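Listed below, chain by chain, are the residues.
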Amino acid sequence: MSALPSAIEVLDIDPFTDENLADPYPMHERLREAGPVVYLERYRVWAMARHAEVYASLTDHDTFCSSRGAGLSDFHKEKPWRPPSLLLEADPPAHTVARGAMGRVISASTVRGFRETFRAEAEELADKLVALRRFDAITDLAERYPLKVFPDAVGLPEEGRENLLPYGALAFNAFGPHNHLLERALAGAAPVQRWIQDSCRRDALAPGGLGSKLWDAADRGEITHEQAPLLVRSLLSAGVDTTVHGIGNTIQALSANPDQWARLRENPALARFAFDEALRYESPVQTFFRTTTREAEVAGIGIPEGEKVLLFLGAANRDPRKWGPDADRLDITRKATGHVAFGMGIHQCVGQPIARLEAELVLTALAERAARLEPTAEPVPTLNNTLKGWSRVPLLTHPA
Ligand code: 8QM
């Protein structure tokens, strides 16, 4: 890139410092206020943090493509750290084929079939935690629950499931720059990656599970047998850390806003709405990149071809232009539809019915049992180049 358009704000913000990752909200406001599109000189990328422009870019996949990577790295210039995802890191027409096969595997009827076992697990765990009185919302709940029900649904072997969280941490750090967080995730990653690769094989996956169903799709010719393990890998990459952070952020936000917990207690049928609002309020996936396939015009500013564009999903979800002056407030009765926490457009989360089911059942089971969720210490943020969440949220609860 030679000369920047004169209307553009050039900022020296680094979104990937520990400080900005732990508390991104002051930075989000600076980014939104600086303009509809800004330039981050440190990484030589363009960035958008307002809802309208983030939404417009996500839904214009012809101009803002994914096949050059959904992270900082441009796959035209650097070798990807792993073979690219057939879903996240693909464009039509290839994306359409993979997405079709995955969509049929995660069908409404398949997800309906998970409900009773997922509910039993949620109720058993909620009974146990409320009886304990003191528990950690992250390690005892937000990690434990998805790590039980989701690998069971995929049909993964019991052995080695401890690799799932480290793999997720690696995959989501790898969308960012090569900083100390990615370095740390890469250290000792070889056995984790080997376990993931082995677990994508047909003979590792229980018949009837989501993983096995992807291999069946290959038998039917919907995808090739070479593609099947990569689509299983997408389940393992996108299906665990995301829900762990989504459930964890929701419980943390509700524990910090006791009036909102009380409203959910009065009407546990609000669980699904509470989850959407919590995803808006504190989005697990904070950022994604796109790459321009041609000159793009955003609010009258021209972005040249071949440029990386950083989309701040978490900032768009708190943009007062979209959500009003109380955008920074958690309100479980707000209409949170239109948030971009699951993305938007052709890449919008294909697994969201499973995520929503997990969250609904955990929140309902807990709301029926726990009169209050009292923080007993400051929550401890977890640092990741893409994910926003907590590593510890110690709570005291009282049986209803
Ligand atoms: C993020 O590997 C993949 O296909 C994949 C990895 C991460 C995600 C999505 C897909 C958005 C949750």
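Residues numbered from 1 in each chain as written. Predicted model: local features only at pLDDT ≥ 70, side-chain atom pairs only at ≥ 80, totals over all residues. Heavy atoms only, no water.

(A) How the structure looks around the nonpolar core. Ranked by internal contacts, the top residues of the largest apolar core, which has 79 residues, are Phe-118, Tyr-145, Leu-210, Leu-231, Ile-251, Leu-264 and Leu-366. The residues contacting Leu-210, other than those within four sequence positions of it, are Val-105, Thr-110, Phe-114, Phe-150, Ala-153, Val-154, Leu-235 and Ile-354. Counting residues in each nonpolar core, the second largest holds 24 residues, with Val-37, Tyr-39, Leu-311 and Leu-313 among its members. (Core = buried A, V, L, I, M, F, W, Y, C linked by side-chain atoms within 4.5 Å. Buried < 20%, exposed > 50% of the residue type's maximum accessible area, 1.4 Å probe, protein only. Contact = heavy atoms within 4.5 Å.)

(B) Structural view of the site of the ligand. Taken together, Arg-82, Ser-85, Leu-88, Phe-172, Ser-234, Ser-237, Ala-238, Thr-242 and Phe-288 make up the full set of residues adjacent to the ligand. Between an oxygen atom of the ligand and a side-chain N or O atom of Arg-82, the distance comes to 2.9 Å. Note that an oxygen atom of the ligand is positioned 2.6 Å from one of the side-chain N or O atoms of Ser-85. Starting from 320 Å² of accessible surface for the ligand in isolation, the protein chains cover 86%. Comparing atom positions with the cavity grids shows the ligand to sit within the largest cavity. The element that contributes the greatest number of residues to the shell around the ligand is helix H12 (residues 227-238), accounting for three residues. Looking at the shell around the ligand residue by residue, the class counts come to four nonpolar, four polar and one charged. (Near = heavy atom within 4 Å. Polar contact = N/O pair within 3.5 Å; in protein donor to acceptor, adjacent residues only side chain to side chain. Areas by Shrake-Rupley, 256 points an atom, 1.4 Å probe, with all protein chains shown as cover. 1 Å grid on protein atoms, 1.4 Å probe; cavity = no way out; pocket = protein on both sides within 12 Å on 5 of 7 lines; lining within 4 Å. Sits in = over half its atoms within 2 Å of the grid points. Helix = DSSP H or I, 4+ residues; strand = E, 2+ residues; numbered from the N terminus. Nonpolar A, V, L, I, M, F, W, Y, C, P; charged D, E, K, R; others polar.)

(C) Broad picture of the pairing of strand S9 (residues 308-312). Summarising burial for S9: five of the five residues are buried, a large majority. Neither face of S9 is open: one carries Lys-308, Leu-310 and Phe-312, the other Val-309 and Leu-311, and all of them are buried. For strand S3 (residues 45-48) and S9, the ladder comprises three bridges, and the chain directions are parallel. Across the sheet, the residue bridging to Ala-47 is Leu-310, located in S9. Inspection of the sheet shows strand S6 (residues 287-292) paired to S9 by five bridges, in the antiparallel sense. (Pairing = 2+ DSSP bridges.)

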